[in-house]
Number of protein chains: 2
Amino acid sequence: MTDDRTATTPEHTDTPALRDLRAHLERLDVPDVVHELGRLGPTRRAVAFRLLRKDRAVEVFEDLDPALQVELVDALAGEAAAIFDALDPDDRAALLDELPAGVARRLLSGLSAAERAATTALLGHPEESAGRRMSPEVVSVPLGTTVADTIARVRAAGEDAETVYVVPVVAAGRRVVGVVSLRRLVLSDPSALVDDVMTSPATTVRVTDPAERAANVVRDGGFVGVPVVDAEDRLVGVLTVDDAMRVLEAEDDEDSARTGGSEPLRRPYLSVSVLGLVRSRVVWLLLLIVAATLTVGVQSFYEAELSQVVALALFVPLLIGTGGNAGSQAATTVVRASAVGDVRPSDTLRVVGREMLTGLLLGVTLATVGVGPAILVAGPQIGLVLALTVVAVCTLATTVGSSVPLLAKRVGIDPAIVSAPFISTFVDTTGLVVYFTIAKAVLGI
Amino acid sequence: MTDDRTATTPEHTDTPALRDLRAHLERLDVPDVVHELGRLGPTRRAVAFRLLRKDRAVEVFEDLDPALQVELVDALAGEAAAIFDALDPDDRAALLDELPAGVARRLLSGLSAAERAATTALLGHPEESAGRRMSPEVVSVPLGTTVADTIARVRAAGEDAETVYVVPVVAAGRRVVGVVSLRRLVLSDPSALVDDVMTSPATTVRVTDPAERAANVVRDGGFVGVPVVDAEDRLVGVLTVDDAMRVLEAEDDEDSARTGGSEPLRRPYLSVSVLGLVRSRVVWLLLLIVAATLTVGVQSFYEAELSQVVALALFVPLLIGTGGNAGSQAATTVVRASAVGDVRPSDTLRVVGREMLTGLLLGVTLATVGVGPAILVAGPQIGLVLALTVVAVCTLATTVGSSVPLLAKRVGIDPAIVSAPFISTFVDTTGLVVYFTIAKAVLGI
């Protein structure tokens, strides 16, 4: 891999093909360049990246997935230091998390003392916390400052502050007592005091809050940014709306992957090798197969009944498919409602009760609609078995599908992990037991 | 329903319980009030809403799901007009979409001529387009304006403009030639021309672009807002970051619901009745059951083989479960990659090729790991049948799971509709055919 890369990353950027590529990249917006780089293999990505103008290169680098950033740092070697230096502290901290320790140390040592301090301060907060994702370089003003002086301070901080759209107002000891938006500052009388134009009390998030919850606060409130405070309400940074969007997108990626029964890729799909795809899925499939061997056990237990009434086997895929689908519906709905904050762990009983009733009604509906055809195909006795089984399996599926993710969340497991595929496999096994039990009772076998 | 509501919406807001509720609501942030209202039934929601201070009521109303807004308009009757008047034009247009025509007409007729014009202009754009979700009240300046004059114009527009963070710069005929952020304006020399401080060319979106694509542009670029233009590049509005977040959240809700095999609820989970939950799921379950009856057909076709070798039936749930899981993995990954723009419809062949290979490798891995136990349980011949079937079913599942959503997108169907549950059911049926065909060949039955 490394050999190949060195061989095909030549410096003759004056060939017509490379000139064309450079011109093509120049015409694209930064987000489009990011998308294009995500579609290339590692070698061509490094070549394309070097063709970018210096200032655009930093912007593009900031928006790349962390996994791609690490590969680029590796491929760019010496040149990486300059890009690292130009990043904002929060982006730098995120990258350091992903880099091998040796590379991380080398890059950190190349920073100025102030930049290094801003970066390592972020690294002191737990991973996945709001503190890791905030911007520590923030303009704030004490109570009693005039609007004109506040604007002057914003101007003085200028390019160094990552965000100036939200200016926290602080009392003694940097305690946040309000915020004033840049919009409000511009619209207000310059001689007014921030005390009179600020929003107070300010919505804040704790530096130790999970990044996802903090990001939800920004989204739900429609804020441009929210001050991040420590346990004593002292200002430590600002979580901006674009940081929040990035956190939420990563969470959505994770939830979506796990709902489908695989590990998140954490990088653009086309930049993942086929072996990488296999790796993200094979453990899940193996676990689910191990769980599914229970279905083999259940069916061998009822092998005598099966060989007596082979017709029973005909409906197994339909029944467990229906159970799996009803369970997926419940699980996906509840996982999503929980992710956006509509449902809290304390709602577990209420939710499971609703879902149980929903499953019962779904089962009765399906049984009523399906009982006619089933009797025509399989006769009245097996028809009755099927109808009863559908009702039982649907109720079981929605109950399990809603309770397991919520219980998982209560004990601190990502609810998406125990969603659709897990529920299906569980419902397959228990559904078969229900099916054969009902069949034995009704058919008298 | 209506009787019940009238009976329990009394005006005596001076009872101790209501005073407590009012005090409780006063202490909450707007987003928390929105969450709390989403958890109440319609009657109590209307009571709680009336307890809010007027200015907060409008903010809360803006952030409610459209379905809850409609119920409130109904419950508030006469008072609704005042709230409707205080909404921004884009929020007003979104609400009008949901209201019965009579109510919509009545509310529209109560507006001033200017407000009515701003609202109906939005309604002229197709649903789900960027034009429907943008803010039409935007401050723009012509080329040649100084920074000081631009700020003066922002101040003059003041509260009327929904967004002042992004100021489009226009040439003759309102053609957008650049944008300047409020941040840049504040940081720049007041006597400079916007021509020299603006970002040009500006990233814009078309008024007819799908709202989701436009919102992705805002998110991917980390913009506070993006100018919306018509076919001649003339300014018609700005899509702000909070509008974009709302669009993307609704899309994520939709994708998530459909991935799980149900229709999106479009309102907070706890505010949906059990019958509402049944309604969002029953049609999907019925469709999937109809599709699954094919599995009954396939198995009855092979009934002779099944009764000859009942052991074959034992492994059916495991095999189709594995196929379903492998298919879900592929479908979910591809649907998500397509939603965030990592994969385009033109990548279909490349993606399907990768997924086919991934499925083959997954199948070979599972068969290798599983062949020992399978031989122990079922003997060498059925062991061979199982191993071959796992390879074939995994390859089939990833191929179908990746190609069907992408083909759906090509013909304009939401790829999430044909994802996991649809793929599972399809793979169930074809997987059974593969299984019995291999079994007949190997076992010579």
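Rules of the game
- Residues numbered from 1 in each chain as written.
- Chains lettered and ligands numbered in written order.
- Predicted model: local features only at pLDDT ≥ 70, side-chain atom pairs only at ≥ 80, totals over all residues.
- Heavy atoms only, no water.
- Helix = DSSP H or I, 4+ residues; strand = E, 2+ residues; numbered from the N terminus.
- Rg over C-alpha atoms; globule rule 2.2 N^0.38 Å.
- Contact = heavy atoms within 4.5 Å.
- Areas by Shrake-Rupley, 256 points an atom, 1.4 Å probe, with all protein chains shown as cover.
- Lys, Arg positive; Asp, Glu negative; His and termini not counted.
- Charge placed at Lys NZ, Arg CZ, Asp CG, Glu CD.
- Domains from an automatic or database assignment.
- Core = buried A, V, L, I, M, F, W, Y, C linked by side-chain atoms within 4.5 Å.
- Buried < 20%, exposed > 50% of the residue type's maximum accessible area, 1.4 Å probe, protein only.
- UniProt positions renumbered as here; feature names shortened; annotations may be inferred.
- Buried area = accessible area lost by both parts, 1.4 Å probe.
- Salt bridge = Lys/Arg side-chain N within 4 Å of Asp/Glu carboxyl O.
- Polar contact = N/O pair within 3.5 Å; in protein donor to acceptor, adjacent residues only side chain to side chain.
- Nonpolar A, V, L, I, M, F, W, Y, C, P; charged D, E, K, R; others polar.

Draft legend 1. Representation of the overall build of chain A in the model. Each helix and strand counted, chain A has 22 helices and 6 strands in total. A compact globule built from 445 residues should have a C-alpha radius of gyration of about 22 Å, whereas chain A, at 29 Å, is more than 25% larger. Expressed as lengths along the three principal axes of its C-alpha atoms, the size of chain A is roughly 85 × 60 × 35 Å. A fraction of 68% describes how many contacts in chain A between residues 6 or more apart in sequence connect residues 24 or more apart. In the structure as shown, chain A presents an accessible area of about 18,000 Å², 59% of it carried by carbon and sulfur atoms. Looking at chain A, you have 40 positive and 56 negative side-chain charges, and the mean spots of the two groups are 1 Å apart.

Draft legend 2. Local environment of the domain arrangement of chain A. Along its sequence, chain A is carved into domain 1 (2-124), domain 2 (141-250) and domain 3 (273-443). Summarising the inter-unit geometry, the C-alpha centres of domain 1 of chain A and domain 3 of chain A are found 47 Å apart.

Draft legend 3. Just the nonpolar core, in detail. If you look at the biggest cluster of nonpolar residues, it comprises 83 residues, and the most contacted ones within it are Y435(A) and Y435(B). The contacts of Y435(A), once residues within four sequence positions are left out, are L312(A), F315(A), V316(A), L319(A), V385(A), L386(A) and T389(A).

Draft legend 4. Spatial organisation of the UniProt feature "transmembrane region" (unreviewed entry) in chain A. All names here are of chain A. Here the UniProt-annotated "transmembrane region" (unreviewed entry) positions come out as residues 282-302, 308-335, 356-376, 382-404 and 416-438. Across residues 308-335 one finds 89% helix and 0% strand; the C-alpha atoms that close the span lie 42 Å apart. Summarising residues 382-404: 100% helix, 0% strand, and an end-to-end C-alpha distance of 32 Å.

Draft legend 5. Molecular detail of the interface of chain B and chain A. With 108 residues of chain B at the contact, the number on the chain A side is 108 residues. Together, the buried faces of chain B and chain A total about 9,800 Å²; carbon and sulfur atoms form 62% of this surface. The largest per-residue losses of area from chain B upon contact with chain A belong to R183(B), Y269(B) and R354(B), which jointly make up 8% of the total buried on that side. Among the ionic pairs, R336(A) bridges to D253(B), the shortest N-O distance being 2.5 Å. Linking chain B to chain A there are 37 residue pairs in polar contact (both at pLDDT 80 or more). Counting residues per element, the side of chain B that touches chain A draws most heavily on helix α17 (residues 274-301) of chain B, at 17 residues. Taken together, the residues of the side of chain B that touches chain A sort by class into 55 nonpolar, 28 polar and 25 charged.

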